[in-house]
Amino acid sequence: MEGWQQTCSTVSEHFGCHVASAGYTDSAQFNDICIRYRHDYQIIYLHRGSGQVRLNGTWHTIRDNTLLFYRPMDYQEYSFPQEAGRELYWLYFDSISEAEIWEKFHIPSRTLFEMVDNTDFLYVFRRILEELGASHPCKALMLSLYTGQLLLLLSRYAMPISLSVNQNTINHLDAVQKIRHDIETNYMSFVKVNEYALRCGLSTPQFIKLFQRLTDMTPIAYRQKIRLEKAERLLVNTDMSIREIAVATGFQDGLYFSRVFSKKYNISPSVYRKKNRS
């Protein structure tokens, strides 16, 4: 046992990684929006599904097998709205310098990577999650070992994703992002798509294309999604009538709201309310 602890200690000193936390979700209800700085390293691995990340002032849609690698005090802004079938892993660690990241693991100073071979990477990530739930003398050292392995695999199999966007596109994407936030806040309004496009200085087709780049949805579909989510909460948390909820969330009338809601959730609003209150 003593020899094993010495071996673990040697490995830990070599890799120098201290795991703060790690996690995984495959829940369709998972919804995370992040805007922050951190003092440690963070790895986010999107095995399946999609999300959005803001880099250098531009929002980018990311998909299967994309990895985000944030260094201490990197600006982090990303969004993972609710999505069925998404598999997302994350890891926070520290006690290693930027110079050591390059010297030991030769990981480029990039944020966005594509994992071209994820079999071993997924295996090690899952071992880290198992180890976090374990209780034994070498737990911290094993976590350091696994994190070192993860970084080595990242160095070997992760391909940096190049992002080249001109300044006009960045400005337009910023304007479209503001429209997205406006829709989320004023979801009950009836602003037309061409009015949104004018605000951004874009033609309607250009605006729709950039909006879909951010959300994978048209502006009208996105607004309806927000309205339905708000209506869903009102059904469960209030005693408002179906008609009152329809008006409060921007639908023309109770009948139209019921039809749209039933098509989306395969259940009527009144039945949904009963099932989620029982």
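Residues numbered from 1 in each chain as written. Predicted model: local features only at pLDDT ≥ 70, side-chain atom pairs only at ≥ 80, totals over all residues. Heavy atoms only, no water.

## What about the sheet that holds strand β2 (residues 32-37)?
Spatially, the 4 strands line up as an open sheet ordered β2-β7-β4-β5, and their pairing is antiparallel. This sheet does not close on itself; its edge strands, each paired only once, are β2 and β5 (58-62). The average angle at which neighbouring strand axes cross in this sheet is 20°, direction not considered. Bridging between β2 and strand β7 (residues 75-80) involves 6 bridges; their strand directions are antiparallel. Across the sheet, Ile-35 pairs through a bridge with Glu-77, a residue of β7. (Pairing = 2+ DSSP bridges. Helix = DSSP H or I, 4+ residues; strand = E, 2+ residues; numbered from the N terminus. Axes fitted to C-alpha atoms, helices over the stretch in contact; angles between N-to-C directions.)

## A look at the environment of Val-176
Note on placement: Val-176 falls in helix α5 (residues 167-185). A residue is classified by how much of its surface remains accessible, and Val-176, at 0% relative accessible area, is buried. Sequence spacing of Val-176 and Phe-207 is 31 residues, and the spatial spacing of their C-alpha atoms is 7.3 Å. (Buried < 20%, exposed > 50% of the residue type's maximum accessible area, 1.4 Å probe, protein only.)

## Observations concerning the pattern of salt bridges
One pass over the structure, following the stated rule, counts 9 salt bridges. Across the pair Glu-87 and Arg-48 runs a salt bridge, and its minimum N-O distance is 2.6 Å. Here Glu-87, found in strand β8 (residues 87-94), pairs with Arg-48, found in strand β3 (residues 41-48); they are 39 residues apart in sequence, far enough to count as distant. Taking the shortest distance from any N to any O, the salt bridge between Glu-184 and Arg-180 comes out at 3.5 Å. With Glu-184 and Arg-180 both in helix α5 and 4 residues apart, the pair spans about one turn of that helix. Judged by relative accessible area, Arg-180 falls into the buried class, the value being 5%. (Salt bridge = Lys/Arg side-chain N within 4 Å of Asp/Glu carboxyl O.)

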